[in-house]
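# Commentary on secondary and tertiary structure
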Amino acid sequence: TKPVLPPETTTAVHQVTASTHSPRVPVAKPTPSPIIRVNPGNYPFETVDECTMSRNICGRGECESTASGHICHCHHDDDECESEPCGTGRGTCVNTDGAYQCHCHHGYKPMVHHGRLKCVDVNECSKQDMCGAGGHCVNLPGSYKCDCHKGFKAHRTQTCE
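Cut-offs used in this document
Residues numbered from 1 in each chain as written. Predicted model: local features only at pLDDT ≥ 70, side-chain atom pairs only at ≥ 80, totals over all residues. Heavy atoms only, no water. Pairing = 2+ DSSP bridges. Helix = DSSP H or I, 4+ residues; strand = E, 2+ residues; numbered from the N terminus. Buried < 20%, exposed > 50% of the residue type's maximum accessible area, 1.4 Å probe, protein only. Lys, Arg positive; Asp, Glu negative; His and termini not counted. Salt bridge = Lys/Arg side-chain N within 4 Å of Asp/Glu carboxyl O. Contact = heavy atoms within 4.5 Å. Disulfide = S-S within 2.5 Å. Core = buried A, V, L, I, M, F, W, Y, C linked by side-chain atoms within 4.5 Å. pLDDT = per-residue confidence, 0-100.

## Regarding the pairing of strand 8 (residues 99-104)
Alignment of strand 7 (residues 91-96) against strand 8, held across six bridges, turns out to be antiparallel. Among the inter-strand pairings, Cys93 is bridged to a residue of strand 8, identified as Cys102. As consecutive antiparallel partners, strand 7 and strand 8 are separated by two residues, and within that stretch Gly98 has a phi angle of approximately 80°, a positive value.

## Thoughts on the side chain of Glu80
One can find Glu80 in the loop between strand 6 (69-73) and strand 7. Comment: no salt bridge for buried Glu80; closest opposite-charge side chain is Arg116, at 7.5 Å. If we ignore the near neighbours within four places in the chain, the residues touching Glu80 are Pro85, Asn95, Thr96, Gly98, Ala99 and Tyr100.

## Here's the deal with the state of the cysteines
Within the structure shown, the criterion is met by eight disulfides. The side chain of Cys148 participates in a disulfide bridge whose partner is Cys160; the two sulfur atoms lie 2.0 Å from each other. Residues Cys148 and Cys160 are joined by a disulfide whose S-S torsion is about -80°; by sign, that bridge is left-handed. Placement of Cys148 in strand 12 (residues 143-148) and of Cys160 in the segment after strand 12 is noted, with a sequence separation of 12 residues between them. Cys148 gets classed as partly exposed once you look at its relative accessible area, which sits at 28%. Residue classification places Cys160 among the buried positions, given a relative accessible area of 4%.

## Considerations on the nonpolar core
Core analysis: the largest hydrophobic core is formed by six residues, namely Cys81, Cys86, Tyr100, Cys102, Tyr108 and Cys119. With residues near it in sequence (within four places) discarded, Cys81 still touches Cys93, Val94, Asn95 and Tyr100.

## Digging into unusual backbone geometry
One non-glycine residue with positive phi stands out, namely Glu84, at about 50°. By secondary structure assignment, the location of Glu84 is in the loop between strand 6 and strand 7.

## So, the pairing of strand 11 (residues 135-140)
Each regular strand shows side chains that alternate between the opposite faces of the sheet. Summarising the sheet, strand 11 and strand 12 pair through six bridges and their orientation is antiparallel. Within strand 12, the position partnered with Asn139 by the bridge is Tyr144. What sits between the antiparallel neighbours strand 11 and strand 12 is a turn of two residues, in which Gly142 has the positive phi angle 80°.

## With respect to the pattern of salt bridges
The tally for this structure, following the rule as stated, stands at one salt bridge. Among the salt bridges present, the one from Lys145 reaches Asp147, with a minimum N-O distance of 3.9 Å. Classification of Lys145 as partly exposed rests on a relative accessible area of 39%. By relative accessible area, Asp147 is classed as partly exposed at 35%.

## What about the environment of Cys72?
On the secondary structure map, Cys72 appears in strand 6. Of the residues examined, Cys72 reaches a relative accessible area of 30% and is grouped as partly exposed. Spatially, the C-alpha atom of Cys72 lies 8.8 Å from that of Gly59, the residues being 13 residues apart in sequence. Setting aside residues no more than four positions away along its own chain, Cys72 makes contact with Ile57, Cys58 and Glu62.

## Notes on the confidence of the model for the chain
For the chain, per-residue confidence averages 76 on the pLDDT scale, and 70% of positions sit at 70 or higher. This model gives residues 8-22 a pLDDT under 50, and the stretch forms 31 contacts once residues within four places in sequence are excluded. This model gives residues 25-38 a pLDDT under 50, and the stretch forms 34 contacts once residues within four places in sequence are excluded.

Here's what the structure looks like:
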């Protein structure tokens, strides 16, 4: 069998003559499109840029055209949720491409803390008169409770009357 030789790429050249009164000097001017010279035995030879022809052929990776087709260079996305960045028991972490989201449980809110998104406790006791005039609010993780003063009773609405 004959060895298969790779095609040679050359650029066509136009000869342009400068028109001055001095001796004529040829100027080489390349054309914008290359000409592919196919070596004997490689006919028919056609180069198809599969990366350009098929958008998203590699999904989120990068496509590299080769003589025999294409190669996909895939990017690996780390699962940021493995380290429970939202806080254990505070919310649900959803891994996204190169990041994550926190869907916080009731009593928690999303907040960036030290450059990281987390679910932090809502301090319900920061609201005035949360337990009414007859009680004292105690903040708990994700909730609160009312400690009622003497003579007051807690109701289902978590107020002291």
